[in-house]
Structure formats: C-alpha cells, structure tokens
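A structural walkthrough
Chain by chain, the residues:
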Amino acid sequence: MDLYLGIDYGTSGARAVVIDEQGNVQTEVRYPLQKKTAQHWSHRLWSLLADIPEPLRQQIKAIAINGTSSTVLLCDGAGKPVDVPLLYNDARGAVVLEQLKEIAPPNHTVLSATSSLAKLLWMSQQPFFAEARYLLHQADWLAFLLHGQLGISDYHNALKLGYDVEALEYPKWLNQLAIPIQLPQVLAPGTPIAEIRPDIAMQFRFHRDCLVCAGTTDSIAAFIASGAELPGEAVTSLGSTLVLKLLSHTRIEDARYGIYSHRFGDLWLTGGASNTGGAVLREFFTNAELENLSREIDPAKISNLDYYPLLQPGDRFPINDPKLPPRLTPRPETPREFLHGLLESIARIEARGYELLQSLGANQVQRVYTAGGGATNSTWTAIRQRHLKVPVVASVYTEAAYGTALLAKTKYRNSQ
Ligand SMILES: Nc1ncnc2c1ncn2[C@@H]1O[C@H](COP(=O)(O)OP(=O)(O)OP(=O)(O)O)[C@@H](O)[C@H]1O
Ligand SMILES: O=C(CO)[C@H](O)[C@H](O)CO
C-alpha cells in the first residue's frame, strides 16, 4: 500500500496524519507545542515520526510539512538557527516599515509589520545577523531536517517575503534592500525535493526512496482539507487566530487591510489573518466552559457588546494596525453574556473580512467551511451564519495535516 504523510505545525500543536491512496486516514498523531524555539519544533518532529506505527512508516512514499505563515528563522551554513524564530504575529518589523515603503510597490503584502520581509529587514539590523546564511520559513526548516537541503521554500510560504507568485521570481525591487542573505529557492507547494536523509530513514525505518516535498502554510492546508474547491467557496480557520480564505478568479492585494492572495492552481486564494480568535477565548474560559456556556446562549439573539477581542495591541486583518488596542469592555454581569459578546464580535470581524474581500473584487461568497477548535461550536456557527448570510458548514476534514498529506499525495502522483 502507498501512503502519504502530512505534518502540521500550528500555534498550539503539531500533528501528523498518514493517508492512503483513497484518502483514508491510516493514523493520526499529535503533540502540544509549548515552546517557541526551533529546538522544541525538532523534538516534536522526531516524536511525531516515532509515534507513527513502523509498518505504516515503511510504506510512506511522500512527506510534506506545513507551518504557520510568516514564521521565520535565520540559520547558519549548516542549518543551525542563529537566534530564536520570529512567530507569525510578531510585529517588531513595525520599525522598518518606512524603509520598506520606499522600495516596495504601494499596498504590497510585505508592507505589514508582521510580513516575513519586514522581519528579515529587522533581523538584518541585529548583531546575530552576522552569523546568518539562510532565511527559512518554519515549514522549510522542518523539511530541511528531513531532506538535508538548505535554502528551499514554496510559493505559499514565500508570499509574505515578497516573492512574485505570478511571475514566479523574486521582484527586482527586493534586490535594492541588498540584505546579505540567501533567500530560499521557491518551488510549487508539494513538489518533491529529495529523498529522506539516509540516517533518518535508517533510524525511523522509512523506505530509502521516501520523498520529502515542498510544504505550504497551515491555513492553506486547512483549506485543502476542507473539501472546498469552487470559486466562491471559503474556509474560515477558527483556531488560535481567525483566518479567512476565499477561492476567487480575481487576485487581490491590499496592505491597508492585510489582504493578500495565494496562487492556487488556476485560481487565487484571497484572504487575511486576524490576531483575534480562540486564543482570546482561551484566556477567559476553559474548553469545558466554552462548551457549556455556549449551549446556554440563544444564537438568534443579537449581543450588542461591541468588542475587538485581542490578547495584546495590534491586528493584521481586516484592520492592519500593529498598535490597534484590544476592546474588551464593558464587561457584563454574567460569563454567559461576556462569551456571547465575544462570539458575536469575532463573527462581526469575520463578516467584515469577507465583505472587504468581495468589495475589492473577489468572487461572491457562496458557502463557508470551518476548521479549527471553533468549528465544533454550533452556537457560534449559528451566530456566524446570521452575519455571513450564506451556509456555514463543517469542513470535510478539519485537520490541516490531512490537507498537507493530500498535497503530498497529489504532487507525488503527478511526478511519477
Ligand atoms: N467549544 C469551543 N468553542 C469555541 N472555541 C473553542 C471551543 N473549543 C476550543 N475552542 C478554541 O479553539 C482553539 C483551539 O483550536 P485549534 O486547535 O484549531 O487551535 P490552534 O492553536 O490554532 O491550532 P493550531 O495549533 O493548528 O494553530 C482554542 O484557542 C480554543 O479557545
Ligand atoms: O498568518 C496566518 C495565515 O496567513 C495565520 O494567522 C498563521 O498561519 C497562524 O495560523
């Protein structure tokens, strides 16, 4: 039997899913991510591989990995990180935005405090930069651990670095930054890169010809897993963050609102990512409280509490402002009313996001699939449907790792 392994690195956890040729799940493994260091990521990678039953491991033909979008790190010529990674929502690049504005086209995706290019420019001005040879995304570095080749990425991860996903090259204006670093060579997501390193094949008993493929981002992987495939179909990832992806004939880029488009076959995956979402809910409620209190909420009733739920100042989409203050007051008397206000407010932000995408030219939303921890909340689904005014359905598969395994399978098959 030929099998395919997809690995997902999200905000709170790392997961692995093995699927067969028919797309059936053969096994699923998960670990929490507790530290924001590359060393912790690598420990988790070895644990995930070790937990896949050996008979399955031996039949895996291709592996792909997804990571959080715009989580980047610098490493030396041997692939050793020279400093801690900068996570997707790290906005310290705000201080270099004026410099970037002088060279990047107006409204370009990189003109955001959290873009990979803003992070790279910021890092290039730090003392540790002297040791750096390569800039890699989280998914690139994890795949490197398996295939051993440095400096390779995919055009989903490379979008926020400024890579031109239409012309399939780095734009000329990027050279003006003259940052002395090796930017990754960019492949189509899922492209087989190389066979798994022989020592790793030996240690974990993978077949020697198992291929490691170029990866993607966590939210695109969730989109692939969802079953959405037609223009006008969208996927909201309601995990720690709120991410919108709408399949469209039209490409849209607008840094004012943190809107960008990923290349997706012959179409565009338009959308944006907000810092609001489940991480704010988790700050105030346990998962059990979320379930129990949600059941007591009447979703047909509108909560007039108008929050902008954030854990710290700054959002990326649909308001792109690294200083945007959280708004979590007034605090009502009961936890139920407070939760109702939070769910309603996040639903408003989601609806505002889709309205913006459509007003800027994306296809009209026909249906919204949902992935992530928030997808299980039927009260929230009903509130969101009231705002979105289109059917809101659960994704066919909600695990991003499943989408990444599908990507590996499809690209492996096409390459044979
Ligand atoms: N019943 C619920 N209603 C609403 N939100 C929930 C519920 N249960 C869990 N959540 C939220 O879902 C989030 C966890 O979902 P998920 O595992 O998809 O998050 P994630 O951290 O984004 O995942 P990833 O690690 O893939 O990035 C938590 O932040 C939690 O607040
Ligand atoms: O930036 C994002 C998607 O474009 C997400 O917020 C991040 O990947 C974490 O899920």
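Residues numbered from 1 in each chain as written. Chains lettered and ligands numbered in written order. Predicted model: local features only at pLDDT ≥ 70, side-chain atom pairs only at ≥ 80, totals over all residues. Heavy atoms only, no water.

Per an unreviewed UniProt entry, the protein chain goes by the name FGGY-family carbohydrate kinase and belongs to Nostoc spongiaeforme FACHB-130. Taken from UniProt, the Sequence similarities (unreviewed entry) comment for the protein chain reads in full: "Belongs to the FGGY kinase family." (UniProt positions renumbered as here; feature names shortened; annotations may be inferred.)

1. Let's talk about the overall build of the protein chain
Looking only at helices and strands, the protein chain features 13 helices and 17 strands. The globule rule puts the C-alpha radius of gyration for 416 residues at 22 Å, and the 21 Å found for the protein chain is close to it. The burial tally for the protein chain puts 59% of its 416 residues in the buried class. In the protein chain, the proportion of contacts linking residues at least 24 apart, taken out of those at least 6 apart, comes to 69%. As presented, the protein chain carries roughly 16800 Å² of accessible surface, and 49% of it is formed by carbon and sulfur atoms. Between the centroid of the 38 positive side chains of the protein chain and the centroid of its 41 negative side chains there is a distance of 1 Å. (Helix = DSSP H or I, 4+ residues; strand = E, 2+ residues; numbered from the N terminus. Rg over C-alpha atoms; globule rule 2.2 N^0.38 Å. Buried < 20%, exposed > 50% of the residue type's maximum accessible area, 1.4 Å probe, protein only. Contact = heavy atoms within 4.5 Å. Areas by Shrake-Rupley, 256 points an atom, 1.4 Å probe, with all protein chains shown as cover. Lys, Arg positive; Asp, Glu negative; His and termini not counted. Charge placed at Lys NZ, Arg CZ, Asp CG, Glu CD.)

2. Some thoughts on the UniProt feature "domain: Carbohydrate kinase FGGY N-terminal" (unreviewed entry) in the protein chain
With numbering aligned to this structure, UniProt lists the feature "domain: Carbohydrate kinase FGGY N-terminal" (unreviewed entry) at residues 3-223. As a span, residues 3-223 carries 26% helix and 24% strand, and end to end its C-alpha atoms are 21 Å apart.

3. What to know about the state of the cysteines
On inspection of all chains with the given rule, the structure shows zero disulfides. Cysteine Cys210 is unpaired, with the sulfur of Cys213 as its nearest cysteine sulfur at 8.1 Å. For Cys210, a relative accessible area of 0% gives the class buried. (Disulfide = S-S within 2.5 Å.)

4. Quick word on helix α11 (residues 335-359)
Helical periodicity: at 3.6 residues per turn, an α-helix aligns residues three or four positions apart in one direction. Taking 1.5 Å as the rise per residue, α11 with 25 residues should run 36 Å; its terminal C-alpha atoms sit 36 Å apart, in good agreement. With 18 of its 25 residues buried, α11 lies for the most part within the structure. In the segment just after α11, Gly361 is the residue with positive phi, at about 115°. (Expected span 1.5 Å × (residues − 1).)

5. Concerning the site of ligand 2
Around ligand 2, a shell composed of Thr68, Ser69, Tyr88, Lys160, Asp218, Ser219, Thr241, Val243, Tyr260, Ala273 and Arg316 is seen. Interatomic distance of 2.8 Å between a backbone N/O atom of Ser69 and an oxygen atom of ligand 2. Between Tyr260 and ligand 2, the recorded distance is 2.6 Å, taken from a side-chain N or O atom to an oxygen atom. When isolated, ligand 2 has an accessible area of 290 Å², and the protein chains bury 97% of it. Counted by class, the shell around ligand 2 contains four nonpolar, four polar and three charged residues. (Near = heavy atom within 4 Å. Polar contact = N/O pair within 3.5 Å; in protein donor to acceptor, adjacent residues only side chain to side chain. Nonpolar A, V, L, I, M, F, W, Y, C, P; charged D, E, K, R; others polar.)

6. Quick look at the site of ligand 1
As a matter of local geometry, ligand 1 sits amid 21 residues, with Thr11, Ser12, Arg15, Ser240 and Gly278 nearest to it. Contacts to ligand 1 include Ser12, whose side-chain N or O atom sits 2.5 Å from an oxygen atom. Within the backbone of Ala279, an N or O atom sits 3.4 Å from an oxygen atom of ligand 1. Protein contact buries 87% of the 640 Å² of open area that ligand 1 shows by itself. Mapped onto the shell around ligand 1, the elements with two or more residues apiece are β2 (13-20), α9 (278-284) and α10 (287-295). Its residues assigned to classes, the shell around ligand 1 comprises four nonpolar, 13 polar and four charged.

7. A short note on the packing of helix α1 (residues 38-51) against helix α5 (residues 138-147)
Running from N to C, α1 and α5 point in directions that differ by 55°, and their axes come no closer than 11 Å. With respect to α5, the axis of α1 lies oblique. Considering the relative orientation of α1 and α5, their crossing is right-handed. In this structure, α1 contributes Ala38, Trp41, Ser42, Leu45, Trp46 and Leu49 to the contact, and α5 contributes Gln138, Trp141, Leu142, Leu145 and Leu146. For the contact of α1 with α5, a count of residues per class yields nine nonpolar, two polar and no charged. (Axes fitted to C-alpha atoms, helices over the stretch in contact; angles between N-to-C directions. Parallel < 35°, antiparallel > 145°, perpendicular 65-115°, else oblique. Left-handed = near helix turned anticlockwise from the far one by under 90°.)

8. Thoughts on the UniProt feature "domain: Carbohydrate kinase FGGY C-terminal" (unreviewed entry) in the protein chain
According to UniProt, the "domain: Carbohydrate kinase FGGY C-terminal" (unreviewed entry) feature falls on residues 286-408. Helix makes up 44% of residues 286-408 and strand 7%, whereas the separation of the span's terminal C-alpha atoms amounts to 35 Å.

9. A short note on the sheet that holds strand β13 (residues 242-248)
Strand order in the open sheet made by the six strands is β14-β15-β13-β12-β16-β17, with mixed pairing throughout. Edge positions in the open sheet fall to β14 (260-264) and β17 (392-394), since each of these has one partner strand only. Each neighbouring strand pair of the sheet contributes to a mean axis angle of 25°, computed without reference to strand direction. Bridge count between β13 and strand β15 (residues 267-274): seven bridges; the pairing is antiparallel. Residue pairing in the sheet places Leu242 in a bridge with Ser274 of β15. (Pairing = 2+ DSSP bridges.)

10. Structural notes on α5
Burial of α5 is extensive: ten of the ten residues sit out of reach of the surface. For α5, the complete set of buried residues consists of Gln138, Ala139, Asp140, Trp141, Leu142, Ala143, Phe144, Leu145, Leu146 and His147.

11. A word on the packing of aromatic side chains
Under the defined criterion, the tally for this structure stands at nine aromatic pairs. Centroid distance Phe284 to Phe338: 5.0 Å. Interplanar angle 85°. Geometry classified as edge-to-face. Placement of the pair is Phe284 in helix α9 and Phe338 in helix α11, with a sequence separation of 54 residues. Seen from the ring of Trp122, Arg92 lies directly overhead, with NZ or CZ sitting 4.8 Å from the centre. Sitting above the plane of the Tyr155 ring, Arg263 keeps its charged end 5.6 Å from the centroid. (Phe/Tyr/Trp six-rings, centres within 6.5 Å; stacked < 30°, edge-to-face > 60°. Lys NZ or Arg CZ within 6 Å of the ring centre and 35° of its normal.)

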